[in-house]
Amino acid sequence: MSLTRWVVPCFVIPILAASGLADEPRPLPGTKPLILEGDIAASLVEGVDRFLLRKTEESIANRARYWKPDCSSHEAYARSVEPNRRRLAEILGAQDARVPFDGPELITTTSIPALIARGEGYEVFAVRWPTIGDLHGEGLLLAPKGRKIADVVAIPDASQTPEQIAGLAPGVPPESQYARRLAESGCRVIVPAIIDRRIEPRNGRAKLSTREYLYRPAFELGRHLIGYEVQQVLAAVDWFAKDAGANDPAIGVFGWGDGGMLSLYAGALDPRID
């Protein structure tokens, strides 16, 4: 008798058994079938919302173990919170070394001057400045004509332009034009442009805001749009501190909405900000 005649039937039985099991799928141990009714996408979003809210509540009880300030002196406090600063910079993706520079560049052409406006005791220039790598910040410089009392980075909301909070374009009430008011008070003010929330089709496909559209590739590179904008602010702070020389610089940040958030992050990362 041939050996092959005995081997072949031995393989037929397991194959038939496996095909029988395929007709009746069974969940893996410890699992159950995913059966959802209604809008599955909405259910997913609601589940994520519940998860994040729960984690936020849990963080209140857990955050004390990461926060151990030493209030015995100003220097001791700064040393004790330095690990928190480094961790925040890591979370924001704001760890790249910034490019040193002597001063902002004036944006001008043979037909368009850098000096774009004059106000009560100050002048307004269109400027840009290096931040990290080949990235630049861009916006306005409001320079006082007389004595300067402080240097301030005034950051608009994502729904606003630098020109609006400087009183050069409509859209913001006069009492809320804080870049202009700071300049009228004797401050030298840099107003960076931040990424807007304009919604439009991207690559002819889904409609996304500009911020979300840029956030996605930044995330893939281990960076964050907010981190890029914080670096833009801190690069201006670098210039303020360098320009002060041996003098003690008076540096502030001021913002509203997204600009307020960026101000808080910048102030948390950089102790030079008063």
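Criteria and thresholds
- Residues numbered from 1 in each chain as written.
- Predicted model: local features only at pLDDT ≥ 70, side-chain atom pairs only at ≥ 80, totals over all residues.
- Heavy atoms only, no water.
- Helix = DSSP H or I, 4+ residues; strand = E, 2+ residues; numbered from the N terminus.
- Rg over C-alpha atoms; globule rule 2.2 N^0.38 Å.
- Buried < 20%, exposed > 50% of the residue type's maximum accessible area, 1.4 Å probe, protein only.
- Core = buried A, V, L, I, M, F, W, Y, C linked by side-chain atoms within 4.5 Å.
- Contact = heavy atoms within 4.5 Å.
- Pairing = 2+ DSSP bridges.
- Expected span 1.5 Å × (residues − 1).
- Arc of directions from axis to C-beta.
- Phe/Tyr/Trp six-rings, centres within 6.5 Å; stacked < 30°, edge-to-face > 60°.
- Lys NZ or Arg CZ within 6 Å of the ring centre and 35° of its normal.
- Salt bridge = Lys/Arg side-chain N within 4 Å of Asp/Glu carboxyl O.

Colleague: Just give me the short version of the overall build of the chain, but keep the residues and values in it.
Modeller: Of the regular secondary structure elements, the chain holds 8 helices and 9 strands. On C-alpha atoms alone, the chain measures out to a radius of gyration of 29 Å, which is more than a quarter above the 19 Å that the 2.2 N^0.38 rule sets for 274 residues. With the C-alpha coordinates aligned to their principal axes, the bounding extent of the chain is approximately 110 × 55 × 40 Å. Taking all 274 residues of the chain together, 34% fall into the buried category.

Colleague: Mind laying out the nonpolar core, listing which residues take part and the relevant values?
Modeller: Among the nonpolar cores identified, the biggest contains 31 residues, and Trp-129, Val-153, Ile-190 and Leu-269 are the most heavily contacted of them. Elements represented by at least two residues in this core include exactly α3 (74–92), β3 (122–130), β4 (136–144), β5 (150–155), α7 (225–244) and α8 (258–269). Tallying contributions element by element places α7 first for this core, with 10 residues. Non-local contacts of Val-153, meaning those with residues more than four positions away in its chain, are made with Ile-190, Pro-192, Val-233, Ala-236, Val-237, Phe-240, Gly-252, Val-253 and Phe-254. One finds Leu-140, Ile-165, Ala-179 and Cys-187 within the second-largest nonpolar core, a separate group that totals 17 residues.

Colleague: Which residues make up the pairing of strand β6 (residues 187–192), and what are the values?
Modeller: Judged by how many residues are buried, β6 sits mostly within the fold: 6 of 6 residues are covered. Residues Cys-187, Val-189 and Val-191 of β6 are buried on one face, and the alternating residues Arg-188, Ile-190 and Pro-192, pointing to the opposite face, are buried as well. Two strands pair when backbone bridges link them, and β4 and β6 are joined in this way by 4 bridges, in the antiparallel orientation. Its bridge partner being in β6, Leu-141 is matched across the sheet by Ile-190. Across 4 bridges, the pairing between β5 and β6 is parallel. Of the residues in β6, the one forming a bridge with Val-153 is Ile-190.

Colleague: Could you give me a rundown of α8, with the residues and numbers involved?
Modeller: The α-helix advances 3.6 residues per turn, and as a result positions three or four apart in sequence lie on the same side. End to end, α8 covers 17 Å across 12 residues, agreeing with the expected 16 Å (1.5 Å per residue, within 8%). Here α8 has its buried residues at Asp-258, Gly-259, Gly-260, Leu-262, Ser-263, Ala-266 and Leu-269. Check the buried side of α8 and you find it contacts α3, β5, α7 and β9 (251–255).

Colleague: Break down helix α6 (residues 210–220) for me, citing the residues and quoting the values.
Modeller: Those residues of α6 that sit buried are Thr-210, Arg-211 and Ala-218. Angularly, the buried residues of α6 cover 85 degrees about the axis, an arc narrow enough to put them on a single face. Exposed and oriented more than 90 degrees from the buried face of α6 are Phe-219 and Glu-220. Here the buried face of α6 lies against β8 (207–209) and α7. At the exit of α6 stands Gly-222, carrying a positive phi of roughly 75 degrees.

Colleague: Residue-level account of unusual backbone geometry, with values.
Modeller: In this model, Asn-203 sits at a positive phi of 55 degrees, which is unusual for a non-glycine residue. Residue classification places Asn-203 among the exposed positions, given a relative accessible area of 64%.

Colleague: How would you summarise the packing of aromatic side chains if you had to cite specific residues and measurements?
Modeller: Scanning the entire structure with this criterion turns up 3 aromatic pairs. On the basis of an interplanar angle of 35 degrees and a centroid distance of 4.9 Å, the ring pair of Tyr-178 and Phe-254 is categorised as tilted. Here Phe-254 lies in strand β9 and Tyr-178 lies in helix α5 (residues 178–184), a separation of 76 residues in the sequence. Under the relative-accessibility criterion, Phe-254 is labelled partly exposed at 40%. Centroid distance Trp-239 to Phe-240: 5.4 Å. Interplanar angle 35 degrees. Geometry classified as tilted. The two residues Trp-239 and Phe-240 agree in class, both being buried. If you follow Arg-188 out to its NZ or CZ, it ends over the ring of Trp-239, 4.4 Å from the centre.

Colleague: Can you explain the pattern of salt bridges? Please cite residues and give values.
Modeller: Where charged atoms from two side chains of opposite charge come close, those side chains can pair. A complete count under the given rule lists 21 salt bridges for this structure. With a closest N to O distance of 3.4 Å, Glu-90 and Arg-87 form a salt bridge. In this pair, Glu-90 and Arg-87 both sit in helix α3, 3 residues apart, roughly one turn of the helix. For Arg-272, the salt bridge is made with Asp-238, and the minimal N-O distance between the two is 2.5 Å. With Arg-272 in the segment after α8 and Asp-238 in helix α7, the pair connects residues that are 34 residues apart, well separated along the chain. Judged by relative accessible area, which is 29%, Arg-272 ranks as partly exposed. Overall, the relative accessible area of 22% leaves Asp-238 in the partly exposed class. Put simply, Arg-98, Asp-238, Asp-270 and Arg-272 are held in one network by salt bridges that share partners.

None of this, on its own, says anything about what the molecule does.
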